[in-house]
Amino acid sequence: MNDEQFRRLAAYGQAEHAVPGRDLFTTGDRSYDLFLLETAAVEIVRDQRVIFRAGPGDFLGELGLLTGQHVYLTGRVISAGTVIRLGAANLRRALAEHADLADLLIEAFRQRREVIRTTAGTALRLVGRPDTALALRTYLAQLLLPHAWQETYPGLTPDDLPAAVIDRTVLRRATPGAVAEALGLTYRPDDREVDLVVVGAGPAGLAAAVYAASEGLSTVLLDRGGIGGQAAKTARIENHLGFSHGISGDELTRLAMLRALKFNVRIHSPCTATALDLTDPHRPTVQLDGGARIRCRAVIAATGANYRRLDIPGWAAFERAGCIRYAATEPDVRDYANQPVTVLGGANSAGQAALSLAAHNATVDLIVRGTRVGARMSTYLVDRIRAHPLIRLHLGSTVDALIGGDTLSGVVMSRAETLDSRALFCFIGATPETSWLTGVATDDNGFLRTPGPLPFQTSTPRVFAVGDLRAGSTKRVATAVGDGAGAVSSVHTALAARLPTPAT
Ligand SMILES: Cc1cc2nc3c(=O)[nH]c(=O)nc-3n(C[C@H](O)[C@H](O)[C@H](O)COP(=O)(O)OP(=O)(O)OC[C@H]3O[C@@H](n4cnc5c(N)ncnc54)[C@H](O)[C@@H]3O)c2cc1C
């Protein structure tokens, strides 16, 4: 940050004299402020170890300033002088009013979060084995939560694992929900007005939230899992514009989340919408598990669709054992590197999974029910699959049975052929996630209809549907993002006094 930028940012804060030995913030604090060091010097400490020294002209802060997460490090004054303190509201105002400062600070926050993540902050300790806690591991990665794993902790038995230790509070059999609650990341009602609630933080919901907040709507974004939806479970998205070598779903999600934070979207996850109260058509109210209600002026539904499963014995047990997967993220693929696996499905997701697994030296049997693989899969994937020495393609087949004990050892295909297989990666489609949307019209397959008259408007004037959830949508990341952006324009129109009546 140059001198002029430092001065501009300092104008949003208050000067304080800081004496040596004073902690500006401490590991485990529930929140903290941004500090600009005018003349003071500070050391950043973790586990009594100095990891960074900052002096006049530097600023102290990282991503938690925007997400409201706990503090991971301690900032201790080592040389007396003046510091400028910016509270959360003033920091938000500065980011909104100065694009150059926003870009600079958010990039610095992101880089610092990476450093904290890789050196592992101690505010959140996980006890157990990461490979047996996939849900927790995925959630922590998606929300960029710094944490450290350790195998044991005094007083805990194997039955208590995975456990989380937060500020000396021990959560036994920790779930993403319990960790979020303890870290203050779940939704808590306050007196702030909410213009728009976006339910579902996949690409459609993230895009809607970013566009809405950047256009001045006070926006809350909720998701029952982590952030990123199906896209975050995708090892590599090769057909999205703007990335010369494609982009992983994780990275795309990270970038989208930073945009959302920049524009002051309030993100809460895990947080499940259970119902929609439409008693007052001008004020839809989203009801959450746990009983909280969010009254707003418009709702964008972006809850996507759920994976289909086969109705065959042992499916649920093998799924619980982690031998059946519905995504091919980096951790999923790494778990089955160098092993025989089966991939089921004939669309792009199955093709990408087969290629990612084969790239990690897994031998892959790809089972496609149809007799033509190119019917639902992009040609570039089909070509690579056909040419790959580790992938065997079985057309006109399906999975009839699963074999194994605690874990999967084989898959029986149609015509009783048995494949040696340690995991089944299943990509056979999905059903729309609409259980919370009582009273909103759907098509015969359960996808939300958008009869308008505004684009993306459902049968309920102030409720809009975007992404995979919308009837007739193209199930792609870019189209989901386009839906999210487009729906915000309709929200503005709907909020501007007159309520267009939906067509029947
Ligand atoms: C393995 C795989 C690979 C893919 N590869 C590609 C690709 O390469 N290129 C491409 O363009 N597309 C790809 N796709 C498709 C693409 O990911 C989807 O079309 C896209 O993610 C849809 O976005 P969405 O936001 O509509 O829904 P989703 O991504 O499904 O997100 C919905 C979100 O809503 C949340 N949710 C659901 N119910 C609730 C509730 N009641 N309360 C709160 N939150 C809720 C879910 O947790 C989820 O995060 C792939 C999909 C998969 C599974």
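Residues take numbers from 1 onward in each chain, read along the sequence in its written order. Two thresholds apply to this predicted model, a pLDDT of at least 70 for residue-level local features and 80 or more for giving and counting side-chain atom pairs, whereas whole-chain, interface and lining totals are computed over all residues. Neither water nor hydrogens contribute to the side-chain values; these are computed over all heavy atoms in the structure.

Per an unreviewed UniProt entry, the protein is named FAD-dependent oxidoreductase, and its organism is Actinoplanes sichuanensis.

## Details of unusual backbone geometry
Cis rather than trans, the peptide bond between L161 and P162 has omega equal to 0°. Along the chain, S269 connects to P270 via a cis peptide bond; the corresponding omega equals 0°. Counting from the N terminus, the helices are DSSP H or I runs at least four residues long and the strands are E runs at least two residues long. In this structure, P270 sits in the loop between β15 (266–268) and β16 (273–277). Phi angles above zero are rare outside glycine, and R173 is one such case at about 45°. Within the fold, R173 resides in the loop between β12 (169–171) and α6 (176–183). One non-glycine residue with positive phi stands out, namely N264, at about 75°. With respect to the secondary-structure elements, N264 resides in the loop between α8 (249–262) and β15. Classification of N264 as partly exposed rests on a relative accessible area of 35%. Buried means the residue's accessible area, taken with a 1.4 Å probe over protein chains only, is under 20% of the maximum for its type, while exposed means over 50%, and partly exposed covers the values in between.

## Section: the pairing of strand β5 (residues 49–54)
Walk down a regular strand and you will see the side chains alternate between the two sheet faces. Where strand β4 (residues 41–46) meets β5, five bridges bridge the pair, whose relative direction is antiparallel. Pairing of I44 across the sheet is with F52, part of β5. Only when DSSP finds a minimum of two bridges between them are two strands counted as paired. Hairpin connection, β4 to β5: the antiparallel pair is bridged by two residues, and D47 has positive phi, about 50°.

## Observations regarding the environment of V440
Its place among the elements puts V440 in the loop between β29 (430–432) and β30 (463–465). Owing to a relative accessible area of 9%, V440 belongs among the buried residues under this scheme. Once the C-alpha coordinates of V440 and R188 are considered, the two residues, 252 residues apart in sequence, prove to be 26 Å apart. Residues within four places of V440 in sequence aside, it is in contact with L276, L278, L448, T458, S459 and T460. Any pair of residues with heavy atoms lying within 4.5 Å of one another is described as a contacting pair.

## Side note on the packing of aromatic side chains
Any Phe, Tyr or Trp ring, taking Trp's six-membered ring, that has another such ring centre within 6.5 Å forms a pair; planes under 30 degrees apart are called stacked, those over 60 apart edge-to-face, and the others tilted. One pass over the structure, following the stated rule, counts four aromatic pairs. Connected via pairs of aromatic rings, a cluster forms that spans F25, Y32 and F35.

## Brief notes about the layout of surface pockets
Of the two site types, the cavity is a set of points on a 1 Å grid over the protein atoms alone where a 1.4 Å probe fits but cannot get out, and the pocket is an open set with protein on both sides within 12 Å along at least five of seven lines, each lined by residues with an atom within 4 Å of a point. Grid points are joined across faces, edges and corners, and a volume is the space filled by probe spheres set on the points. The volume enclosed by the second largest pocket comes to roughly 1200 Å³. Taken together, 40 residues line the second largest pocket, and the ones lying closest to its centre are L66, R92, R192, N264 and R266. Within the residue set of the lining of the second largest pocket, elements represented by two or more residues are α2 (64–67), α3 (88–97), α8 and β15. With five residues, the top contributor of residues to the lining of the second largest pocket is α3. Gly is placed with the polar residues, together with every amino acid not listed as nonpolar (Ala, Val, Leu, Ile, Met, Phe, Trp, Tyr, Cys and Pro) or charged (Asp, Glu, Lys and Arg). For the lining of the second largest pocket, the per-class residue count stands at 19 nonpolar, 14 polar and seven charged.

## Quick look at the sheet that holds β4
If you trace the four strands from one edge of the open sheet to the other, you get β2-β7-β4-β5, paired in antiparallel fashion. Two strands bound the open sheet, and with one partner strand each, they are β2 (23–25) and β5. For this sheet, the mean inter-axis angle between neighbouring strands, taken without regard to orientation, is 30°. Where β2 meets strand β7 (residues 74–79), two bridges bridge the pair, whose relative direction is antiparallel. Helix axes are fitted only over the stretch in contact, all axes being lines through C-alpha atoms; the angle between N-to-C directions runs from 0 to 180 degrees.

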